[in-house]
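Tertiary structure, described
Below, each chain spelled out in residue letters.
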Amino acid sequence: MSAASCLLTEDQFLCSICLDVFTNPVSTPCGHNFCKNCITEHWNSKVQCDCPNCKKVFYRRPELQVNTFISEMAAQFRQEAQQEASSSSSDQQAAKPGEVPCDVCTGTKLKALKSCLVCLASYCETHLAPHLTMSGLKRHQLIDPVENLEGRMCTKHDKLLELFCKTDQMCVCMLCAISDHKTHDVVPLKEEYEGKKAELGKTEAEIKQMIQKRQLNIQEIKRSEKPRQRDADIAIAHGVQVFTALKESVERVQAEFIKTIKEKQRTTEKKAEDFIKDLNQEISELKKRRSEVEQLLHSEDHLQLIQSFSSLNVAPPTKDWTEVSVRPPSYEGTVVRAVAQLEEMISKETKNLFEAELMRVQQYATDVTLDPDTAFPGLILSDDGKQVSDRDEEYYNCYYEEKNLRDNPERFDTCGCVLGKQSFSSGRFYYEVQVKWKTAWVLGVARESVNRKGNLTLTPQDGYWTISLSNENVYEALTDSSVCLSLKSKPEKVGVFVDYEEGLVSFHDVDTAALIYSFTGCSLTEKLYPYFCPDYDYGGLNSSPLIIWPEPDFN
């Protein structure tokens, strides 16, 4: 394009009425330019002549002459624009597989830039030019290139699908709207498009918010990486310390065991050696006497034999070796005593381990109180929500009637139990319950959705993770098939710990730091509530309350 025309833009050569490049441009007295036919038709349709741009009114219709300078410039611009469009077409790329090709191109199909919903055709840059310059084609609706434009036509009436039936949720044409969908709620496709677009906007915003939340979760998880690693390192270090101590204990007991055996063996060998030494000495003495006797037997000296007879006729003094023997040492009980010693050491290390574990879970201590809205009517709750006991059975019915308790869905109506007010759906929590002086009780946690009406089945499958005491000394973990627990001592205070993400519910004897029982691999998917059952009063034998211990100060 020439230097002169390069200084001008396309907008300067467009008529503001037809929006096309000037044809026979004329200038109004106010200085604006229009196609001669365009401004003439505009004035013919109005009572007063005015300028379409600045609205200046001309009381006399101006005589218009073609502005030859602008006409020549517009003609030159049109020619150079066409040449530029023609030359640029050679730079366009051929349509690749999966791309929409131009419907007009012959030979090599170029990649389409737009599709026309009126012409039902797709155009490359060159063949799209008329839709960008010609006033009639400018009114056509252009969209990003799509294939199968025929799919946008009504198969019944061969008309453009430009309406949407809200009743049948389908796109229809004008003829469909006045025939098959006459009584339906039909709106322009654009209107439905705007509605759906607004919904998609909301969906996008919601998805964006979900993404942001998850990104925050990722950040939180990454932030907790160091604490997790620190906890793992501490656990490994503590475990290595414990197992090293156990290993050293085993090696020490083993060494002492071997030493004991060897000492017994050495003592026995020493005794045997002493016996052999004494026997050899006696043998030497006897051989000497025998030699003297043999020598005397061969003597012909009558006097010498008679004089020596009294001293040689008697054997030299010796021990009675009849009952003397060297029996192997007895090692009976040596191994048993060694194992007992090892068990004592392991028990000591295990106790230290349990104490450390209890201190670890106690740092998650949470203040728990009882929820009276869930309490079985026959229970007595303290005002501070920390104690619960069973009411005498003979007073139960009148108590229920006097209080006129509302049988809401949250209340247990048959089993004498109550839940805590506090719920937990993540993280870790711990609380302690005093069970001293009680002969029966049930403790643990329960899912929010557990059945609270009628008889209850306290199993993990039904949403309960609990342990119980019955008949004064029978402890059980209430699983699908109850597990009998063998405890060395009767707990006076029970600690309940839950690790929600780990799926762990464990019970601890607070005074001895012993682990009572652990439910592992629990499917925890909803809110958990502390669960308390003081069991029946049994005529005063089990009247003591369950007492939720205040949040301990473990520091």
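Here, the structure is the one placed above.
Residues numbered from 1 in each chain as written. Predicted model: local features only at pLDDT ≥ 70, side-chain atom pairs only at ≥ 80, totals over all residues. Heavy atoms only, no water.

Side note on the layout of surface pockets
In this model, the second largest pocket occupies a volume close to 490 Å³. Lining the second largest pocket are 13 residues, and of these Leu-117, Gln-141, Arg-152, Leu-161 and Leu-189 lie nearest its centre. Here the lining of the second largest pocket is composed, by residue class, of nine nonpolar, one polar and three charged. (1 Å grid on protein atoms, 1.4 Å probe; cavity = no way out; pocket = protein on both sides within 12 Å on 5 of 7 lines; lining within 4 Å. Points joined across faces, edges and corners; volume = space filled by probe spheres on them. Nonpolar A, V, L, I, M, F, W, Y, C, P; charged D, E, K, R; others polar.)

Remarks on the pattern of salt bridges
Pairing is possible between side chains of opposite charge, provided their charged atoms come close. Taken as a whole, this structure holds 15 salt bridges when the rule is applied. Here Asp-274 and Lys-270 are joined by a salt bridge, their closest N and O atoms 3.1 Å apart. Taken together, the residues Asp-274 and Lys-270, both in helix α8 (residues 225–297) and four residues apart, mark about one turn of the helix. For Arg-360, the salt bridge is made with Glu-357, and the minimal N-O distance between the two is 2.9 Å. Here the residue Arg-360 and the residue Glu-357 both occupy positions in helix α10 (residues 334–362), the gap between them amounting to three residues, near one helical turn. Glu-357 sits in the partly exposed class, given a relative accessible area of 30%. Three or more residues are tied together by salt bridges with common partners; here these are Lys-166, Glu-192 and Lys-196. (Salt bridge = Lys/Arg side-chain N within 4 Å of Asp/Glu carboxyl O. Helix = DSSP H or I, 4+ residues; strand = E, 2+ residues; numbered from the N terminus. Buried < 20%, exposed > 50% of the residue type's maximum accessible area, 1.4 Å probe, protein only.)

Notes on the sheet that holds strand β5 (residues 114–116)
Reading across from one edge, β6-β5-β7 is the order of the three strands in this open sheet, with antiparallel pairing throughout. The sheet terminates laterally at β6 (121–123) and β7 (142–143), the two strands that pair on one side only. The pairing of β5 with β6 spans three bridges and is classified as antiparallel. Within the sheet, the bridge partner assigned to Ser-115 lies in β6 and is Ser-122. Relative to β6, helix α4 (residues 125–133) is tilted by about 110°, and along the sheet it contacts β5, β6 and β7. (Pairing = 2+ DSSP bridges. Contact = heavy atoms within 4.5 Å. Axes fitted to C-alpha atoms, helices over the stretch in contact; angles between N-to-C directions.)

Some points on the side chain of Ser-249
Note on placement: Ser-249 falls in helix α8. Judged by its relative accessible area of 3%, Ser-249 is buried. The residues contacting Ser-249, other than those within four sequence positions of it, are Leu-342 and Met-345.

With respect to unusual backbone geometry
The phi dihedral of Gln-169 is positive, around 50°, even though this residue is not glycine. For Gln-169, the position within the fold is in the loop between β8 (163–165) and β9 (170–172).

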